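# Understanding the architecture of this molecule
Okay, here's what each chain looks like letter by letter:
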Amino acid sequence: MHILISNDDGYLAPGLLALVNAIRPLGKVTVIAPEQNHSGASNSLTLSRPLSIHRVAGGERDGFIFINGTPTDCVHIAMTGFLDEKPDLVVSGINQGENMGEDVLYSGTVAAAVEGVMFGVPGIAFSQIDRGWARIDDAAKAAHDIVAQMIANPLSKEEGNATLLNVNIPNRSYADLNRWRVTRLGNRHHSQPVVVQQNPRGEPIYWIGAAGDAKDSSSGTDFHAIDEGCISITPMQLDLTHHARLAAMRSNGWDRG
């Protein structure tokens, strides 16, 4: 079992190190992560400049590979020639902060797992609910158990698509992380307003506002599972086609010629 591990917080992030140490007993591990934090990068690829690849020598991150690009760059390069063989699984994280509801559309953590799936390799994205890395080693132990479950009981491909899981882990002790819930994505209210400030020259600058609070946190959602103190595991897919609307548009004259 060859496991590729990446993240979006950068190769120096405590969440990445904790995840790698927890996953190592499960197989051969290769770490390819961004040089800098790329939170919110989503599935972006760097096309405007060449990328550089470096390997850490010595210390607790010995052998880690880092790239001056995005999480998607890291996995894409691994899949398209940097590695001698494709890995069996892509694992991303552990992110500092939750990725629930619409967060998954912006998340670089999720994007790294998505990129593996696009090459036919199953992907799991791990995020810890609260920022600050509290209980990160406990979260990593829980991540180990979920990866072990995936290896022992691999989910079959549906219509040729590899499995994609988005996992959110509460900041709790490992003893309190034994309840898992299979969930759907909830959704949020709109983001909070942009924050307007001035630079030293008196010119306006703008900060993106914080994510909106949960709007749908009903039973079965990732938000509800976390509120109950459980780990949330959401199976996702890459097909964005609105199939019901597709049929409705065809029946209402949108197809021409």
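Data block above holds the structure.
Now for a quick tour of the structure. Counting from 1, residues in each chain are numbered in the order their sequence is written. With the structure being a predicted model, the display of local features is reserved for residues of pLDDT at least 70 and the display and counting of side-chain atom pairs for 80 or more, all residues being used for whole-chain, interface and lining totals. To get the side-chain values, take all heavy atoms of the structure and skip hydrogens and water.

## Observations concerning the overall build of the chain
Helix and strand assignments follow DSSP, with helices taken as H or I runs no shorter than four residues and strands as E runs no shorter than two, numbered in order from the N terminus. Each helix and strand counted, the chain has 7 helices and 13 strands in total. Over its C-alpha trace the chain gives a radius of gyration of 19 Å, about what one expects of a compact globule, namely 18 Å for 257 residues. The proportion of buried residues among the 257 residues of the chain is 46%. Here, two residues are considered to be in contact whenever any of their heavy atoms come within 4.5 Å of each other. Excluding contacts between residues fewer than 6 apart, the proportion of contacts in the chain whose partners are at least 24 apart in sequence is 76%. Element-wise, carbon and sulfur atoms account for 50% of the exposed surface of the chain, whose accessible area totals about 13600 Å². The convention is simple: Lys and Arg are positive, Asp and Glu are negative, and His and the chain ends are not counted. Charge placement uses NZ in Lys and CZ in Arg. For Asp and Glu, CG and CD serve respectively. Averaging the positions of the 20 positive and the 28 negative side-chain charges in the chain gives two centres separated by 2 Å. This radius of gyration counts C-alpha atoms alone. The globule rule is 2.2 Å times how many residues there are, raised to the power 0.38. Burial here depends on accessible area, computed with a 1.4 Å probe over protein chains only, as a share of the maximum for the residue type. Under 20% is buried, over 50% is exposed, and the range in between is partly exposed. Only the protein chains shown count as cover for residues, with accessible areas throughout obtained via the Shrake-Rupley method and a probe of 1.4 Å.

## With respect to the pairing of strand β7 (residues 164-169)
Extensive coverage of β7 is indicated by the burial of 6 of its 6 residues. Of the two faces of β7, the one lined by Leu 164, Asn 166 and Asn 168 and the one lined by Leu 165, Val 167 and Ile 169 are each fully buried. Relative to β7, strand β6 (residues 123-128) runs parallel, the two being bridged by 6 bridges. Looking at β7, one finds that Phe 126 is bridged to Val 167. Strand pairing is defined by DSSP finding a minimum of two bridges between the two strands.

## As for the nonpolar core
Among buried residues, the Ala, Val, Leu, Ile, Met, Phe, Trp, Tyr and Cys ones that are joined through side-chain atoms within 4.5 Å form a nonpolar core. Counting 37 residues, the largest nonpolar core has Ile 5, Phe 126 and Val 167 as the members making the most contacts within it. Those residues within four positions of Ile 5 in sequence are excluded, and the remaining contacts are Leu 16, Leu 19, Val 20, Ile 23, Val 29, Thr 30, Val 31, Ile 32 and Val 91. Counting 13 residues, the second largest nonpolar core, distinct from the first, contains Ile 65, Ile 67, Cys 74 and Met 79.

## Topic: the pattern of salt bridges
Within this document, salt bridges are pairs made up of a side-chain nitrogen of Lys or Arg and a carboxyl oxygen of Asp or Glu, the two lying within 4 Å of each other. With the rule as written, the count across this model stands at 3 salt bridges. The partner of Arg 135 in a salt bridge is Asp 138, with the nearest N and O atoms 3.9 Å apart. Judged by relative accessible area, Arg 135 falls into the partly exposed class, the value being 46%. On the accessibility criterion, Asp 138 (15% relative accessible area) is buried. Ionic pairing is found between Asp 255 and Arg 250, a salt bridge with its closest N-O pair at 3.7 Å. The exposure classification of Asp 255 matches that of Arg 250, with both residues exposed.

## A look at the side chain of Asp 73
Its place among the elements puts Asp 73 in helix α2 (residues 71-82). Other than its neighbours up to four places away in sequence, Asp 73 contacts Ser 44, Leu 45, Thr 46 and Leu 51.

## Here's the deal with the side chain of Asp 138
Relative to the assigned elements, Asp 138 resides in helix α5 (residues 136-152). Discounting residues that sit within four places of it in the chain, Asp 138 has contacts with Arg 172, Ser 173, Tyr 174 and Leu 177.

## Concerning the layout of surface pockets
Counted as a void, the largest pocket has a volume near 820 Å³. Here a cavity denotes a set of grid points, spaced 1 Å apart and computed over the protein atoms alone, in which a 1.4 Å probe fits but from which it cannot get out, and a pocket denotes an open set meeting protein on both sides within 12 Å along at least five of seven lines; residues with an atom within 4 Å of a point are reported as lining. Lining the largest pocket are 32 residues; nearest its centre among them are Asp 103, Tyr 106, Arg 188, Ala 210 and Ala 211. For the lining of the largest pocket, the secondary-structure elements that each account for two or more residues are β5 (89-96), α3 (103-106) and β12 (214-216). Of the residues forming the lining of the largest pocket, the biggest block, 3 residues, is contributed by α3. Note on residue classes: Ala, Val, Leu, Ile, Met, Phe, Trp, Tyr, Cys and Pro are nonpolar, Asp, Glu, Lys and Arg are charged, and everything else, Gly too, is polar. Split by residue class, the lining of the largest pocket holds 8 nonpolar, 14 polar and 10 charged. Grid points are joined across faces, edges and corners, and a volume is the space filled by probe spheres set on the points.

## Looking at the sheet that holds strand β4 (residues 65-67)
The strands that make up a sheet are held in pairs by hydrogen bonds between backbone atoms, and each pair lies either parallel or antiparallel. If you trace the 9 strands from one edge of the open sheet to the other, you get β3-β4-β2-β1-β5-β6-β7-β13-β8, paired in mixed fashion. Each edge of the open sheet carries a strand with a single partner, namely β3 (53-55) and β8 (180-182). The mean angle between the axes of side-by-side strands here comes to 20°, regardless of whether they run parallel or antiparallel. Note that strand β2 (residues 28-34) and β4 share 3 bridges and pair parallel. Counted as the bridge partner of Pro 34 is Ile 67 from β4. All axes are obtained by fitting lines to C-alpha atoms, using only the stretch in contact for helices, and the reported angles, taken between N-to-C directions, cover 0 to 180 degrees.

## Concerning α5
Spanning 17 residues, α5 covers 24 Å between terminal C-alpha atoms, matching the ideal 24 Å at 1.5 Å per step. Among all positions of α5, only Ile 136, Asp 138, Ala 139, Ala 140, Ala 142, Ala 143, Ile 146, Val 147 and Met 150 are buried. By this rule the span expected of a helix is its residue count minus one, scaled by 1.5 Å.

In short, geometric facts, not functional conclusions.
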